[in-house]
Amino acid sequence: MAHTTPRVEQDILVEPTNRPVSVGSPQWYAWLDNEENRSFFFSNEAGSFTARKERRKRGGWYWIAYRSRRGRLVKTYMGRSEDLTLERLRETTVRLAEQQISERHKALSTQLAQPDVTSRFTPPPLAARPFKLIERPELLKQLDESLRQHKLTLVTAPARFGKTTLLSMWYKMRSQQSHKQKIAWLALDERDNDPVRFWSALRSALLQNTQHTGNDSSAPLHSTPLMSIETVLAALLSRNSHRSILILDDYHTITNAQIHQQMQWLVTYLPADLHIIIVSRREPPLALGRARIYGELGELDADDLRLGRDEIKRFLSESVNLSLSAEEQAFLEQRTEGWIAGLQLITLALREQQQPHTVLAQFTGSQHSLFDYFAEEVFAQQSEAVQRFLLHTAPLTTFTPQLCAAMLDDEAHADNTTQTHNLLRQLERANAFLIPMDEQRQSYRYHALFGEFLLEKLRQSSPELLISLHQRAARYFERQQMREEALEHALAGEDIARAGRLIEQLGDEILWKRGEVKLLLSWMQRLPSSRYEGNPRLAMLYAWALLLSGEREPEGVAALLEAIERREDTALIQKGEIAALRARIAAFHDDIPQVIAFSQQALQELPEERALLRADVAFGLSGTYTARKDLDTAYRLLAEALHISQALFSLRTAMFASRYLAAICVEQGRLSEAEAILRQALYFAGAREGTRVPATGIVHIGMAELLYERNEIAAALQHASLGIALGEASGEIKVILGGYCILALILAIRGEIAQAWQHLWKAERIATIGKVRWLSEQVAMIAIRLSLLQEDTGGAQRALRQIGIDPEASMAQAPPEGQEQVRLMLARVWLAEEKYEEVKELLAPIITAAHAGKRVKVLLAARALQASALYRLRERLAAHVLSEVLGLAGPQGYMRTLLDIGEPLQKLLQGVEVTREARMYARKLREANGAGDLAVEGCEDLSEREHEVLHLMAAGMSNQEIAENLIIEVSTVKVHVRHVCQKLGVQKRLQAVVKAREMGLLKSS
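No experiment lies behind these values; they were computed from the predicted model shown.

**Digging into the overall build of the protein**
Then, in step 1: In terms of helices and strands, the protein carries 49 helices and 14 strands.
Then, in step 2: Taken across its 1005 residues, the protein has 54% of its residues classed as buried.
Then, in step 3: Residue pairs in contact within the protein that sit at least 24 positions apart in sequence constitute 65% of those at least 6 positions apart.

Have a look at this one:
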């Protein structure tokens, strides 16, 4: 009996002979650990893969995921059995899909022959079309009408239906007419599935026709929407002085669900001065039902684009000067159904045939098989030299005459360049699906479908030649000093020695200059493990990538490092780099003495030519002084590291140093200086490259934290979401974790408590997988904040217990005085539990130490908590302490440090009389009242859920009754009630109902 592979479908493991098992359950992990179970098949809406258990030389059994598409096999490491959570399985399908996209697009067209970088921002030249254009005035008129009547136009049809040609004609027509509208064009491809790249390109497209100076290059990318941001394009779109049109061509190449979600927001809230035209082979996964109902959507589909009988007749007559009989034309119309690509393919075949009926007689099958057939016919009609040329250039995405010559004759390509250029012009004149990329005809590409046909034909007929051609391309690019392109082809061509050498050459630049940890790791994982296990330098790069990305826990990286040190050829690795890596491992363990010892050793051992790594070590050493609360020394070391890294163009170290330098300024009471440092960092990154890069993610997280402190919640949300997206692009675990933490706090302020918890749990899971110990206190702090927002003191107590603190212990068992953040957390919980005397005693040493060290933020937090406790004890000193706090916080704009104390601080602000100097800031805090910059006048600021709660409050329902009615938790109802009262500027539920009726939000009873 044949063996049936177990399957995981809809999150359930199904075996023919056993009961179903839920993924993530104890039974699931027991099944994975069973030595008899070596594989399973997983599928969901994002894709599928086969997981196999494999034994490594060291470390036992691991699970590897495999996926094959079109004869191309990709794989990725999943981890041990205990790592196979449901989230890990879902992430694996996405990761494999991304790898396959990367396999298919190996060379960047803008670097192959330095074509015009603006080519994707203008329509393809109409003069370069392989066939004479057919005028289609009715469709052009429909586009004009859609522009006048709708805010969105959708043009959808299968491949080669003339969508891009039609829009190019319309673009040209409107450009020649007297219109105020500015038309932006963006041609998309699979590489744009990176959200950072997608929104960067969209931003550039919108700015193409605007008058802007070099100062615009410093405009931050946070003007583009990423993640779930809802206001992220406001700054960019507000610049449009005239109505603009944005054409997004080939939108079907976008498969990233995150980008679709962001586009959904953009389409839903599209400003009046922007009209978007989406051109796609299929309807995009956007919720367009509402737009259709309200007449906001204009559509052109395949039925509109099909050629009619008269158009087909005119096309054939003008293209091949051929007149078909009425019967033949009717047959052709029936078979093609007006599909322009089918007609073009028939035209190519008819040019070489004397008997049209012979061609038409074989014209059968689906559109896909039809296209395959005529692609074969086109190829078969070419000379042997042309066929050889087509197959030898098939692995290339774009190409120049020089590159084509190298692919044909690797040794003597320089002498063949002129001949190759002439052949390209011949193919272009023959309309052999060759598309020029520039007006000078120096760069070309094949039509996408024809290129895929050529590659598939080569793969089927000569797989060995395909490997050899990739190797030729790798050699060419390496000679041209285009090492990344060379590396991609070397990996595809299984030239492992060359790929390893190129990774060694690129490693420091990718890691320290550009901070693209994820890219380096993806290259390493495509090498066979024997390659880097046998090469100490590659093994060190792999260890760095694993540690900084969190793909392997610090203990696992330490074990890898020990294996490297045991090798006989360890001398090839500098002792200084080993010490630097050990210092970073110690930092992940929060082991300050070890960080200092290994960092100092690294700086002594590393030679001057390893300046990039030396700068990063110096940056890491500064963190030890921050941990020891010696902020002045930490500031000096960070400033030095920043200066050195900028001089070296080490973008990663410069961005990290800027972020932590700004953090020290925030701690020391200099918010304006912190903002200046962060904005300068973003300018530095943009000034060199012209666009934002993944390494800037850490700066955006720092900016989000700063804006959050100032209570600028909308701007903070933009930076946090962008920072997370850039962190995911770079693969830096510190960026991702920091981003999720600040995002949780921001969402809580917006009243989105459930989402805040989800992001906090996500950060906790990532930290647990990567064994990032330093995050535990930050997670506990946010968990306490969220729990107290929901009036859940039990939840706050549980958060303390998770970091080893007993909230019910006496003062004698309180955390040591040096653990200030833990003491502040405990003080918040005790304040909620009305343990006011204990709060005073707990905070006293913090206040003394923070005052002596000039650590303003800690001092503000401790003194504000102290004042709240004094007020509850009815001590007159409370007013004096609060006045001092406000006087210290006001000049620089500290707000959330105070507002996050919550209800105790609000009662304090309302119940005591502060000094005249402090009154204005006290009023500002009372007005903010925890709602951030969302708390402004007007009913439009109440969310839909808050409106529901308000109406149920007006109906006299209790919190419990509202919770049952809306099917939510009582604690969530309390948060909504609090936000309703805050936004209406009242204190009580009854006052909120009265005020709402006065404002017309409720009908009078």
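Structure shown, so let's carry the discussion forward.
**Thoughts on the packing of helix H29 (residues 611–627) against helix H31 (residues 651–667)**
When two helices pack together, their arrangement is given by the angle between the helix axes and by the axis-to-axis distance.
Then, in step 1: The interhelical angle for the contact between H29 and H31, taken along N-to-C directions, is 20 degrees, at an axis separation of 10 Å. By the angle class used here, H29 and H31 are roughly parallel. Pair H29 / H31 crosses with left-handed handedness. Residues Leu612, Ala615, Asp616, Phe619 and Thr626 of H29 touch H31, and the partners they reach there are Arg652, Thr653, Phe656, Ala657, Tyr660 and Ile664.
Then, in step 2: A class-by-class count of the residues in the contact of H29 with H31 yields seven nonpolar, two polar and two charged.

**Let's talk about the confidence of the model for the protein**
Then, in step 1: Across the protein, pLDDT averages 80, with 82% of residues at or above 70.
Then, in step 2: For the protein, per-element mean pLDDT is lowest for helix H3 (residues 109–112), which scores 30, and highest for helix H33 (residues 697–709), which scores 94.
Then, in step 3: Across residues 212–232 the pLDDT falls below 50, and counting only partners more than four positions away or on other chains, this stretch makes 60 contacts in the model.

**A short note on the sheet that holds strand S11 (residues 274–280)**
Then, in step 1: Strand order in the open sheet formed by five strands is S9-S10-S11-S8-S12, with parallel pairing between adjacent strands. Only two strands of the sheet have a single neighbouring strand rather than two, namely strand S9 (182–187) and strand S12 (297–300). Adjacent strand axes in the sheet meet at a mean angle of 15 degrees, parallel and antiparallel pairs treated alike.
Then, in step 2: Looking at chain direction, S9 and strand S10 (residues 244–249) are connected through six bridges and run parallel. In the sheet register, Trp185 faces S10, and the bridge partner there is Ile247.
Then, in step 3: In the packing of helix H5 (residues 163–176) onto the sheet, contacts are made with strand S8 (152–156), S9, S10, S11 and S12, and the angle to S9 comes to roughly 155 degrees.
Then, in step 4: Of the strands in this sheet, S9, S10 and S11 are in contact with helix H6 (residues 195–207), which crosses S9 at around 150 degrees.

**A closer look at unusual backbone geometry**
Excluding glycine, residues mostly have negative phi values, and the peptide bonds linking residues are mostly trans.
Then, in step 1: Of note in this structure, Glu791 is not a glycine but carries a positive phi near 55 degrees.
Then, in step 2: Inspection of the secondary structure puts Glu791 in the loop between helix H37 (776–789) and helix H38 (793–802).
Then, in step 3: For Glu791, a relative accessible area of 44% translates into the label partly exposed.
Then, in step 4: The phi dihedral of Lys854 falls on the positive side, at around 55 degrees, and the residue is not glycine.
Then, in step 5: Positionally, Lys854 belongs in the loop between helix H40 (836–852) and helix H41 (856–872).

**Some thoughts on the nonpolar core**
Then, in step 1: One finds Met655 and Leu886 to be the most contacted residues of the largest nonpolar core, which totals 199 residues.
Then, in step 2: With 14 residues, helix H35 (residues 733–749) is the largest single contributor of residues to this core.
Then, in step 3: The next biggest cluster of nonpolar side chains, apart from the first, holds 29 residues, and it includes Leu152, Leu186, Leu188 and Trp265.

**Some remarks on the pattern of salt bridges**
Then, in step 1: On inspection of all chains with the given rule, the structure shows 46 salt bridges.
Then, in step 2: Note that Arg896 is salt-bridged to Asp900, the shortest N-O span being 2.8 Å.
Then, in step 3: Through salt bridges with shared partners, a single network forms among Arg483, Glu484, Glu509, Arg514 and Glu516.

**So, the pairing of S8**
Then, in step 1: Of all five residues making up S8, five are buried, and the element is well covered by its neighbours.
Then, in step 2: In S8, alternate side chains face the same way, and those of Leu152, Leu154 and Thr156 on one face and Thr153 and Val155 on the other are all buried.
Then, in step 3: Pairing between S8 and S11: five bridges, direction parallel. Its bridge partner being in S11, Val155 is matched across the sheet by Val279.
Then, in step 4: Note: S8 against S12, four bridges, orientation parallel. Looking at S12, one finds that Leu154 is bridged to Glu299.

**Looking at the packing of aromatic side chains**
Then, in step 1: A complete count under the given rule lists 14 aromatic pairs for this structure.
Then, in step 2: Measuring from ring centre to ring centre gives 5.9 Å for Tyr171 and Trp185, while their planes differ by 90 degrees; the resulting arrangement is edge-to-face. Separated by 14 residues along the polypeptide, Tyr171 in helix H5 and Trp185 in strand S9 bring together distant segments of the chain.
Then, in step 3: Overall, Trp185 belongs to the buried group, its relative accessible area being 1%.
Then, in step 4: Put simply, the rings of Trp28, Trp31, Phe40 and Trp63 touch in pairs and so form one group of aromatic residues.
Then, in step 5: Here the guanidinium or amino end of Arg628 rests over the ring plane of Tyr625, the centre of that ring lying 4.4 Å away.
Then, in step 6: In this arrangement the basic side chain of Arg652 is found over the ring face of Phe656, its NZ or CZ atom lying 4.4 Å from the centre.

**Some thoughts on helix H8 (residues 257–268)**
Then, in step 1: In this model H8 runs 16 Å from its N-terminal to its C-terminal C-alpha over twelve residues, within 8% of the 16 Å that 1.5 Å per residue would give.
Then, in step 2: Counting buried residues along H8, nine of its twelve residues qualify, which places the element largely inside the surrounding structure.
Then, in step 3: Buried within H8 we find Gln258, Ile259, His260, Gln262, Met263, Gln264, Trp265, Leu266 and Val267.
Then, in step 4: For H8, the N-terminal capping position is held by Asn256, with its side-chain oxygen 2.8 Å away from the main-chain nitrogen of Gln258.

**A closer look at the packing of helix H39 (residues 820–832) against H40**
Then, in step 1: Contact pair H39 / H40: the axes reach a minimum separation of 9 Å and the direction vectors enclose 155 degrees. When the axes of H39 and H40 are compared, the pair comes out roughly antiparallel. For H39 against H40, the interelement crossing comes out left-handed. Across the interface between the two elements, Glu820, Arg823, Leu824, Leu826, Ala827, Trp830 and Leu831 of H39 pack against Tyr836, Glu838, Val839, Glu841, Leu842, Leu843, Pro845, Ile846 and Ala849 of H40.
Then, in step 2: When the residues that make up the contact of H39 with H40 are grouped by side-chain class, the tally is twelve nonpolar, no polar and four charged.

**A few points about the environment of Ile592**
Then, in step 1: With respect to the secondary-structure elements, Ile592 resides in helix H28 (residues 592–605).
Then, in step 2: Sequence separation between Ile592 and Arg628 is 36 residues, and the spatial gap between their C-alpha atoms is 8.7 Å.
Then, in step 3: If we skip the residues at most four places from it in the chain, Ile592 touches Thr624 and Ala627.

**What about H28?**
Spacing of three or four residues puts side chains on the same side of an α-helix, whose turn is 3.6 residues.
Then, in step 1: Across its 14 residues, H28 extends 20 Å between first and last C-alpha, which sits within 8% of the 20 Å expected from 1.5 Å per residue.
Then, in step 2: Every buried residue of H28 is accounted for by Ile592, Val595, Ile596, Phe598, Ser599 and Ala602.
Then, in step 3: Lining the buried residues of H28 we find helix H27 (575–588) and H29.

**Quick look at the pairing of strand S5 (residues 47–55)**
Then, in step 1: Alignment of strand S4 (residues 39–44) against S5, held across six bridges, turns out to be antiparallel. In the strand pairing of S5, Phe41 is matched with Thr50.
Then, in step 2: Counting the residues that bridge the hairpin from S4 to S5 gives two residues.

**Let's talk about the environment of Gln329**
Then, in step 1: Positionally, Gln329 belongs in helix H12 (residues 326–336).
Then, in step 2: Beyond its immediate chain neighbours, meaning those up to four positions away, Gln329 contacts Arg309, Lys313 and Leu324.

Here is what the cut-offs are and how they apply
Residues numbered from 1 in each chain as written. Predicted model: local features only at pLDDT ≥ 70, side-chain atom pairs only at ≥ 80, totals over all residues. Heavy atoms only, no water. Helix = DSSP H or I, 4+ residues; strand = E, 2+ residues; numbered from the N terminus. Buried < 20%, exposed > 50% of the residue type's maximum accessible area, 1.4 Å probe, protein only. Contact = heavy atoms within 4.5 Å. Axes fitted to C-alpha atoms, helices over the stretch in contact; angles between N-to-C directions. Parallel < 35°, antiparallel > 145°, perpendicular 65-115°, else oblique. Left-handed = near helix turned anticlockwise from the far one by under 90°. Nonpolar A, V, L, I, M, F, W, Y, C, P; charged D, E, K, R; others polar. pLDDT = per-residue confidence, 0-100. Pairing = 2+ DSSP bridges. Core = buried A, V, L, I, M, F, W, Y, C linked by side-chain atoms within 4.5 Å. Salt bridge = Lys/Arg side-chain N within 4 Å of Asp/Glu carboxyl O. Phe/Tyr/Trp six-rings, centres within 6.5 Å; stacked < 30°, edge-to-face > 60°. Lys NZ or Arg CZ within 6 Å of the ring centre and 35° of its normal. Expected span 1.5 Å × (residues − 1). Polar contact = N/O pair within 3.5 Å; in protein donor to acceptor, adjacent residues only side chain to side chain.

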